[in-house]
Amino acid sequence: MIEHGPRVVLVGPPGSGKSTIGRRLAERWGVRFRDTDLDIERSTGRSISDLFVEQGEEHFRTLERQAVTTALAEHQGVLAIGGGAVMSEQVRQALGGHRVVSLDVGLAAAMQRLQMNRSRPLLVGNVRGRWQELADERRPLYVEVATTSVLTDGLTINQAVDAVELALNQAVS
Ligand code: S3P
């Protein structure tokens, strides 16, 4: 296990709770939370939606690969990476040796969470159908990179954080 990187990396589809659960977990551990989507927005000065519209998905994915690699090297707290980052083989390889928790979620719970959240350019239009399609396509990749996984359906934020801590403890024992 790589000891100098993030304490944990959270992966999972949009609406799986990476940011909310990650923030609360970081608070509990007294460490910093970092989110590669926010890193990209900060470094470009554009929203993810604007980047997709103005520069296209491929350009976004290049920025995302760089953001993940940098964060894995620099960040020592809790790191959340964008839901589509695992589509890159480079990202999957870079995650090797790190503690990675896959946050899993069903369609209904994801839809509830996404309602109150920032816009996702890849889910525009038929949100339910697109989400399901992306989740089905990526699930094997989340499983591939994860050292453990947690189903967050129906859990409060604190319950989900408890479940992540338990899963991490079980994964090392
Ligand atoms: C994406 C998920 C988003 C963001 C971008 C693309 C995806 O992150 O990186 O909109 O491909 O699923 P979240 O998983 O935080 O929503």
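Residues numbered from 1 in each chain as written. Predicted model: local features only at pLDDT ≥ 70, side-chain atom pairs only at ≥ 80, totals over all residues. Heavy atoms only, no water.

Colleague: Break down the overall build of the chain for me, citing the residues and quoting the values.
Modeller: In terms of regular secondary structure, the chain is built from 8 helices and 5 strands. Counting helices and strands in the order they occur from the N terminus, the chain gives β-α-β-α-α-α-β-α-β-α-α-β-α. With the C-alpha coordinates aligned to their principal axes, the bounding extent of the chain is approximately 45 × 35 × 30 Å. The 173 residues of the chain split such that 47% are buried. For the chain, long-range pairs separated by at least 24 residues make up 74% of all intrachain contacts whose partners lie at least 6 apart in sequence. Positive and negative charge centroids in the chain, built from 20 and 21 side chains respectively, lie 4 Å apart. (Helix = DSSP H or I, 4+ residues; strand = E, 2+ residues; numbered from the N terminus. Buried < 20%, exposed > 50% of the residue type's maximum accessible area, 1.4 Å probe, protein only. Contact = heavy atoms within 4.5 Å. Lys, Arg positive; Asp, Glu negative; His and termini not counted. Charge placed at Lys NZ, Arg CZ, Asp CG, Glu CD.)

Colleague: I'd like a rundown of the side chain of His75, residues and numbers included.
Modeller: With respect to the element layout, His75 can be found in the loop between helix 4 (57-74) and strand 3 (78-80). Here Arg32 takes part through its backbone oxygen, which lies 3.1 Å from a polar atom of the side chain of His75. A polar contact is formed between the side chain of His75 and the backbone oxygen of Val78, at a distance of 3.1 Å. Sequence-distant contacts of His75, that is, excluding residues within four places in its chain, are made with His4, Gly5, Pro6, Arg32, Phe33 and Arg34. (Polar contact = N/O pair within 3.5 Å; in protein donor to acceptor, adjacent residues only side chain to side chain.)

Colleague: For the pattern of salt bridges, give the residues involved together with the corresponding values.
Modeller: Evaluated as defined, the whole model comprises 12 salt bridges. Across the pair Asp39 and Arg34 runs a salt bridge whose closest N-O atoms are separated by 2.7 Å. As far as burial versus exposure is concerned, Asp39 and Arg34 are alike and both buried. Of the charged contacts in the structure, one is a salt bridge between Arg61 and Glu57, with a shortest N-O distance of 2.9 Å. With Arg61 and Glu57 both in helix 4, this residue pair falls 4 residues apart, about one helical turn. Using a relative accessible area of 13% as the deciding quantity, one classes Arg61 as buried. Linked through salt bridges whose partners overlap, the residues forming this network are Arg34, Asp39, Arg42 and Glu74. (Salt bridge = Lys/Arg side-chain N within 4 Å of Asp/Glu carboxyl O.)

Colleague: Please give an account of helix 2 (residues 36-44) that cites residues and values.
Modeller: Buried within helix 2 we find Thr36, Asp37, Asp39 and Ile40. The buried side chains of helix 2 occupy one side of the element, clustering within an arc of 160° when seen end-on. Where helix 2 is buried, its residues touch strand 2 (33-35), helix 3 (48-55), helix 4 and strand 3. A positive backbone phi angle near 70° is found at Gly45, which sits one or two residues after helix 2. (Arc of directions from axis to C-beta.)

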